[in-house]
Amino acid sequence: MFDTAKIHDYAIEEAQALLSRLEAVSLADLLTEASHFAREHHGYNISYSRKVFIPLTQLCRDTCGYCTFAKTPRHLKSAYLSPDEVLEIAKAGARAGCTEALFTLGDKPELRYAAAREALATLGYATTHEYLRAMCELVLKETTLLPHVNAGVMTEDEIAGFRDVSVSQGIMLESISRRLCERGGAHFGSPDKDPSVRLDMIAAAGRRKVPFTSGILIGIGETRLERIQSLLALRDLHRQYGHIQEIIVQNFRAKTATRFAGNDEPDLDELLWTAAAARIVLGGEMNIQVPPNLSYSNYPALLRAGINDWGGVSPVTVDHVNPEAAWPAIAMLRNETEKAGFSLVPRLAAYPEYIRPEWLNPEVHRRALHLVDSNGIAREDDWAPGALVSIPSPSISRYPSHRFDDLLKRSVTGERLAEKEVVRLFGARDAAVEEIAAAADELRRKTSGDVVRYVVNRNINYTNVCIYRCSFCAFSKGKSHDHLRGRPYDISLSEVARRVREAWERGATEVCMQGGINPHYTGQTYIDLVKAVKREVPEMHVHAFSPLEVTQGAATLDIPVERFLRMLRDEGLGSLPGTAAEILDDDVRRVICADKINTQQWLSVIGTAHRCGLPTTSTIMFGHMETPVNWAKHLLALRDLQEETGGFTEFVALPFVHMEAPMSLRGQARKGPTWREVRLMHAIARLTLHPLITNIQASWVKVGPAGARALLNGGANDLGGTLMNESISRAAGTEHGQELDPKSMDELIESAGRMPQQRSTLYAKPWPGQRAKSYQAAPLTGLILDPFVGKRKSSEAKVSLEVGGQL
C-alpha cells in the first residue's frame, strides 16, 4: 500500500538528481539521448492501435477541473449505452479493420447519481463494472475486437474479473502530487484521483498479471520534479511486477466550460522535454506513447523525443475525452511517420511482449494469436497460407528506407551475417521490404538467371500412422485422430509399385516418399520401399525419408545412422528430403515436437547423408509460435552445415498451414506467416545463404500459384515439384490443390516473365522422353489406401522394433 501522507516524498532524492541532470543539458541533447535509447531497443518502428472508442457511460462521480468527458444526467440522452449501441460501434470498428475496443467511462457514477443506479437496474446490473464486464463479453462473442478496459479505480477482484474478458487494462496515474487534490487543484472533488489509490490499483493489476497501461498528464499544476517522481513510481511498480506495457505522456489541453479553461497549456518544447525525460527515466525497453491528436499539426516533431508509439487511433469514432482534437487520418499518420524515417506498424491493445499465455486468459490469448504476426504486431490483411485469398499488394512508400543498405551490400558478397543482423532484416516493413526483395531478386538473376526449374514428381505418403504427436501436424493419425482428415492407412508395396509405374508413364522422374513414424516399421521396411520403386522403374529417382525416419530405421536395426544410410543408398536411394527440420532451435522444438529428434540430431543425420554421397534439400516450417530470432538461427545453421558439406541442393520455405493443425485448433498458434513474412523469408534466405545454397524454392501448394509468381520476383528461382498426390499440406487445410501439371507450371512461370525448365531432382536434365510424356499425361487413377492393420508383411527378414526414448 502507498502511504498517502508520504507520497509527496516518493523517491525524492533520486528524482531531484535526475531532474538536475535532465535540466543541465540542452533540449536538443536531451532529445538525442532519448532517441538513441528508443532506437536501440525499438528500432525504427512506431506502433499504434487501430481502435474503436466505446464510451459506455459519461457519468462520473469525480469532478476534475479540466474534463469535458464527464457529464451530468441532464446533459445525456441516456445514462449508459445499450448493448445494441455498444455492438453497433464495435461492429463498425471491426468492418474498418480495428482490433481494439477501447471501453472508457466515468468512475463509479452509481455512487453519485440516482439516474445511474436506475439505469443499471433497468439493464439488470448492480454496478457499472458488472455491466461493463457483460459488454466486454458481448464484444468478444460477436466481433473480432479485443477489449481494453479503462474503467477507473477497481478492486483487485474486479481487475481479475476483467482479465477474463479483455486483452489489457489501464488507468492514468496522471500525477503523484497530492497538492492537485486540494481545493483549487485539478483533482479537487475527485476521490478516485488520489495518487495512492491509483498506485495501489496499478500494483494490484501487477499481482494479477494484467498487461497494463498508465501514464502522466502534464500541465495541470504539477512541477517537473513531481513528473519525475510519478515516472519513478511507475518504473518501480513495473520493476516489481513487469506488467506496465506502456507509459503515456499526455499534454493538458484547455477546454471551455471547465475550471481550467483559462489555464496555460504546456508548449511543444515542454511536451518534448517530458517525453524525452520519460524515455531516459524508464529506459529503452519501455513503450512510450504520446497521443498525436493533442499536438495537432506539430505531432511529427514528437518522433524526435524517443517515443515509439502513437497510441490508439480510430478510423471510426472521435476521441470522446478530447473531442476538439481529431485523430489524424491513418494514411496521413503513416505518411508523416515514414517521412521522418520510421515505419508505422499496427499493434493490438496488448503489446507484443504480452501476447503470451502467462499474461492473457486462454480464450483471449487464442484470439490474439490469430491477429498477430511473428513479432506480435497486428496482421494487416486476411491472407494466410493455404487459403484462397488474394495476395496483398506490395507496400508503396514515397520514402525509401535505405536502413538495410549495409547489410544488403555485405550479404550479396557472400559474407555471413550475424544472427542479430538477420533478425533485423526480418523486421523490415513498408519500403524496406521492397528494397530487400529487390536485392534478393537481383542476386537471383546474377546467380541463376531467368530460368525457373521444377521437377515432375509424385508424392507417395506410404503411411499416416505415427507414434509422434507433433502439434503442427494434421497428417499423422492414431486411434483418436480420425477427425483429422481421414483414417489410418499403411499402403502395400504393390500399391507403391503401381503408383511408381503410373508416375513414370505420366512423365515423372522422381518419387518423393515420406510418412509417419509407424511403430510397426523397421529399417528393413524403408529398404523394402526403396527396392519396390527400383524394381518397378529402375530409372526413377528415389527422394525419400526424413532424418526422423532415418533415425528410427537405424535404431530398429541397432546400427549407426551412417551404416543405415549406406544400405539405403546401395539399394537405390538417391537423395533425402530435408524435412522434419521445422525450426532448428530446441526452444521451439520442445513446444511443437518435443519427442522428435533435436536440432543437433537433425543436423548430424543430414551431414552424415551428405558425407555418404546422398544430397538433401533443406527446409523451414514457419509461422506458428516461433519468432524471427528462431528463423535467423535456423538459416545460419543451414548455411554453416552447407559450408562444411556442400550437400544441400535447395532451400524450401514451408509456410505453416494452420486450418487443421492441432496446435491451431487448440489455440496455440498464429494462423501462419503473413504475406510480408513469406516474402521476407524467401528474400532473406536468398541473401543469407548466398553463395552456398543457390536454389531458393517457393511452395506453390502453400502459397498458391499467384503467391508463387510473386515470390519468383523476390529471390526464388525454383518451384519444386508438380506434386501428384500431395497430401500433407492438404491434410493441414490448404485449398491450393494436389497437382500443378507441367503445362500449368509453364504458364505460371511465363506469366512471371521467366523461362520454365524441367529438371531432375539433382538439377540435371530429366530422362529423355519423360518431358514429352509429362505434357500428355492421362488423369491419375484412384488411390488404394490399405487400412492400417499392424505389422507389415515382407519377403525380407525383419528386425523387431522396440520403440524407445532414443527416437
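Residues numbered from 1 in each chain as written. Predicted model: local features only at pLDDT ≥ 70, side-chain atom pairs only at ≥ 80, totals over all residues. Heavy atoms only, no water.

Engineer: Which residues make up the environment of glycine 507, and what values do they have?
Structural biologist: When you line up the elements, glycine 507 lands in the loop between helix H15 (493–505) and strand S12 (510–514). With a relative accessible area of 1%, glycine 507 lands in the buried category. For the pair glycine 507 and valine 318, spaced 189 residues apart in the sequence, the C-alpha separation amounts to 63 Å. If sequence neighbours within four positions are ignored, glycine 507 has contacts with Val456, Gln770, Lys773 and Ser774. (Helix = DSSP H or I, 4+ residues; strand = E, 2+ residues; numbered from the N terminus. Buried < 20%, exposed > 50% of the residue type's maximum accessible area, 1.4 Å probe, protein only. Contact = heavy atoms within 4.5 Å.)

Engineer: Can you lay out the confidence of the model for the protein chain for me, pointing to particular residues and giving the numbers?
Structural biologist: Averaged over every residue, the pLDDT of the protein chain is 92; residues scoring 70 or more account for 94%. Every residue in residues 795–807 scores below 50 in pLDDT, and together they form 34 contacts with partners more than four places removed in sequence or on other chains. (pLDDT = per-residue confidence, 0-100.)

Engineer: Can you tell me about the pattern of salt bridges, naming the residues and giving the values?
Structural biologist: Within this structure, the stated rule accounts for 55 salt bridges. For arginine 499, the salt bridge is made with glutamate 495, and the minimal N-O distance between the two is 2.8 Å. Taken together, the residues span about one helical turn, with arginine 499 and glutamate 495 both in helix H15 at a distance of four residues. In terms of burial, arginine 499 and glutamate 495 fall into one category: buried. In the salt-bridge network here, residues are joined through shared partners; they are Glu23, Glu222, Arg224, Arg227 and Glu270. (Salt bridge = Lys/Arg side-chain N within 4 Å of Asp/Glu carboxyl O.)

Engineer: Explain the nonpolar core to me, using residue names and the numbers behind them.
Structural biologist: Core analysis: the largest hydrophobic core is formed by 115 residues, its most contacted members being Ile436, Met513, Phe545, Trp602 and Phe651. Per-element tally for this core: the top contributor is helix H23 (residues 675–689), with nine residues. Setting aside its immediate chain neighbours within four residues, isoleucine 436 contacts Phe404, Leu408, Leu425, Ala428, Leu680, Ala683, Ile684 and Leu687. If you look at the next biggest cluster of nonpolar residues, it comprises 111 residues, including Ala119, Ala233, Ala278 and Tyr351. (Core = buried A, V, L, I, M, F, W, Y, C linked by side-chain atoms within 4.5 Å.)

Engineer: So what's going on with unusual backbone geometry? Residues and values would help.
Structural biologist: Glycine aside, a negative phi is what most residues show, and trans is what most peptide bonds show. Look at the link from histidine 690 to proline 691: it is a cis peptide, with omega at 0°. Its place among the elements puts proline 691 in the loop between H23 and strand S17 (696–698). Unlike most non-glycine residues, lysine 209 shows phi in positive territory, near 55°. Mapped onto the secondary structure, lysine 209 falls in the loop between helix H7 (195–207) and strand S5 (212–218). The backbone of histidine 402 sits at a positive phi, close to 55°, despite the residue not being glycine. According to the relative accessible area criterion, histidine 402 is exposed, its value standing at 51%.

Engineer: Outline the sheet that holds S12, supporting the account with residue identities and numerical values.
Structural biologist: Pairing within the open sheet is parallel, and its four strands lie in the order S11-S12-S13-S14. Each edge of the open sheet is held by one strand with a lone partner, namely strand S11 (457–461) and strand S14 (573–575). Ignoring which end each strand starts from, the neighbouring axes of this sheet average 40° apart. With two bridges joining them, strand S13 (residues 541–544) and S14 adopt parallel strand pairing. (Pairing = 2+ DSSP bridges. Axes fitted to C-alpha atoms, helices over the stretch in contact; angles between N-to-C directions.)

Engineer: Residue-level account of helix H11 (residues 362–369), with values.
Structural biologist: Of all the residues in H11, the buried ones are Val364, His365, Arg367, Ala368 and Leu369. Looking at the buried residues of H11, the elements they touch are helix H5 (128–142) and strand S3 (146–150). The N-cap of H11, judged by a side-chain oxygen 2.9 Å from the amide nitrogen of glutamate 363 a few residues on, is asparagine 361. (Polar contact = N/O pair within 3.5 Å; in protein donor to acceptor, adjacent residues only side chain to side chain.)

Engineer: Summarise the pairing of strand S9 (residues 343–347); cite the residues concerned and give the values.
Structural biologist: Burial analysis of S9 places five of its five residues in the buried class, the great majority of the element. Side chains Ser343, Val345 and Arg347 of S9 all project onto a buried face; the interleaved residues Leu344 and Pro346 project onto the opposite face, where all are buried too. Pairing analysis gives five bridges linking strand S1 (residues 45–55) to S9, with the strands arranged parallel. Across the sheet, the residue bridging to serine 49 is arginine 347, located in S9.

Engineer: Could you give an account of helix H3 (residues 83–95), with specific residues and numbers?
Structural biologist: Between the first and last C-alpha of H3 there are 18 Å, a value that for 13 residues agrees with the 18 Å anticipated at 1.5 Å per step. If you check which residues of H3 are buried, you get Val86, Leu87, Ala90 and Gly93. Taken around the axis of H3, the buried residues stretch over an arc of 125°, which confines them to a single face. Facing away from the buried surface of H3 by more than 90 degrees, the exposed residues are Asp84, Glu88 and Arg95. Looking at the buried residues of H3, the elements they touch are S1, strand S2 (100–104) and H5. Immediately beyond the C-terminal end of H3, within one or two residues, lies glycine 97, with a positive phi of roughly 85°. (Expected span 1.5 Å × (residues − 1). Arc of directions from axis to C-beta.)

Engineer: Residues and numbers for the side chain of threonine 57, please.
Structural biologist: Looking at the secondary structure, you find threonine 57 in the loop between S1 and H3. Among all residues touching threonine 57, those that are not within four sequence positions of it are Phe69, Ala79, Tyr80, Thr104, Leu105, Gly106, Pro109 and Thr128.

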